[in-house]
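The residues making up each chain are set out below.
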Amino acid sequence: MCFKEQKALQWTRGSAFVIMFLLVLYLGGMIMSKKVAVVTGSAGGLGKGIAERLLKDGFSVMIHDISQDALTKTETELKDLGDVASFVGDVSKKADQEALVAAAVEKFGQLNVFVNNAGVEAVTPFLKIDESELERTFKINVFGTVYGTQAAAEQFIKQGTPGKIINACSIAGHEAYEVLGTYSASKHAVKAFTHVAAKELASKHITVNAYCPGVAKTKMWDRIDAEMVKADPSLKPGEPFAKFSGEIALGRYETPTDVANLVHFLASEDSDYITGQTILVDGGLVYN
Ligand SMILES: NC(=O)c1ccc[n+]([C@@H]2O[C@H](COP(=O)([O-])OP(=O)(O)OC[C@H]3O[C@@H](n4cnc5c(N)ncnc54)[C@H](O)[C@@H]3O)[C@@H](O)[C@H]2O)c1
Ligand SMILES: CC(=O)[C@H](C)O
């Protein structure tokens, strides 16, 4: 090979190397710049709708639930929408919440949004509320929200990035409903923790807000309806749901998409100047 040919070969190899290097940097940047969201209790109901919307928005999403079977089914359904992975855990256990955040970071490289969606209902006349109902409801709805917020905030601080925490509150966090005393009290506590976490974490560029749905026909409301009928035998199945949703000003019950539209906004840069808010998304039921 003559000197000219050797030079040309060297130049070609050098250019190929530079192009490969830039490509790796570009692809690496693309992967790292893709925002990452965790949604707890997202095997079904409102959480699944939220996960679906965030995937469509371009987030990598870690879905999560206590039910392995339901979670596996949902992951399969969502996988064509984008980067989705799943993690089984119980929100009421601090170690599970820390493991959830660690799994999301290991899988997708970072964390940007954490949605404390998982929650349970409790339907009992006040005089019959017992210790086990109080413990179960508060452990999942309140302890769960606190542990999720702490785990996410610790990660945002470690990353040195801003972060967004979005909690599931309810109309029952603004009003208190008969036979929903324990549940209403738990959602009032979620509202209080949303306020205080927003105040304490603002200096770290972490925002904390909540969505407060009204009446959505998920499995939760199927169970509430059945329990309300049990508590008042004069009611027929479907009547409690019809009564609650019949009072909605916009004339229809809520869908997971209605809730996901608000969470989409709270997870986006458009909500950067909003923190400590518990926003009603109820079609016109509670006004404050
Ligand atoms: N459905 C409504 O009308 C309504 C109204 C206001 C607020 N909310 C709130 O929205 C959230 C979602 O409600 P939904 O109607 O989709 O409920 P849902 O019962 O249909 O779904 C909740 C999901 O959370 C999971 N979950 C329950 N306990 C868990 C735990 N300990 N750890 C992890 N996952 C757990 C369940 O397996 C389920 O997949 C709840 O916080 C609820 O209080 C619902
Ligand atoms: C389930 C819920 O939070 C309201 C009462 O519909």
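Each value, and the rule that gives it
- Positions within a chain are numbered from 1, following the residues in the order the chain's sequence is written.
- Labels are handed out in written order, letters beginning with A for the chains and numbers beginning with 1 for the ligands.
- Thresholds applied to this predicted model are a pLDDT of at least 70 for local features of residues and 80 or more for the giving and counting of side-chain atom pairs; totals over whole chains, interfaces and linings are not thresholded and use all residues.
- Values shown for side chains rest on all heavy atoms present in the structure; no hydrogens or waters enter the calculation.
- Comment: axis = line fitted to C-alpha atoms, over the contacting stretch for helices; angle = value between 0 and 180 degrees taken between N-to-C directions.
- The way it works is that DSSP assigns letters per residue, a run of H or I at least four long becomes a helix, a run of E at least two long becomes a strand, and they are numbered from the N terminus.
- Oblique is the label for any angle not under 35 degrees, not over 145, and not in the 65 to 115 range, which are roughly parallel, roughly antiparallel and roughly perpendicular in turn.
- Crossings are sorted by hand: turned counterclockwise from the far helix by less than a right angle, the near helix makes the crossing left-handed, and turned clockwise it makes it right-handed.
- Working rule for contacts: check all heavy atoms of both residues, and any pair within 4.5 Å makes them a contact.
- Any Lys or Arg side-chain nitrogen found within 4 Å of a carboxyl oxygen on Asp or Glu counts as a salt bridge.
- When accessible area is computed with a 1.4 Å probe and restricted to protein chains, residues below 20% of their type maximum are described as buried, those above 50% as exposed, and intermediate ones as partly exposed.

**Some details on the packing of helix α4 (residues 94–108) against helix α5 (residues 131–159)**
- It is at 9 Å that the axes of α4 and α5 come closest, and there the two elements cross at 40°. By the angle class used here, α4 and α5 are oblique. By crossing handedness, the relation of α4 to α5 is classed as right-handed. Residues Lys94, Gln97, Glu98, Val101 and Val105 of α4 pack against Gly144, Tyr147, Gly148, Gln150, Ala151, Ala152, Gln155 and Gln159 of α5.

**Examining the side chain of Gln155**
- Take Gln155: it is sitting in helix α5.
- The residues touching Gln155, leaving out its near neighbours within four places in the chain, are Val101, Val105 and Leu111.

**Digging into the pattern of salt bridges**
- Scanning all chains against the criterion turns up 13 salt bridges.
- Glu52 is the salt-bridge partner of Lys56, the closest N and O atoms lying 3.5 Å from each other. Taken as a pair, Lys56 and Glu52 lie in helix α2 (residues 45–56) at a separation of four residues, close to a single helical turn.
- Judged by its relative accessible area of 56%, Lys56 falls in the exposed class.
- Residue class for Glu52 comes out partly exposed when judged on its relative accessible area of 28%.
- A salt bridge links Glu121 to Arg223; the shortest N-O distance between them is 2.6 Å. Remark: Arg223 occurs in helix α7 (residues 219–231) and Glu121 occurs in the loop between β4 (113–116) and α5; sequence separation between them is 102 residues.

Treat this as a map of the structure, not an account of what it does.
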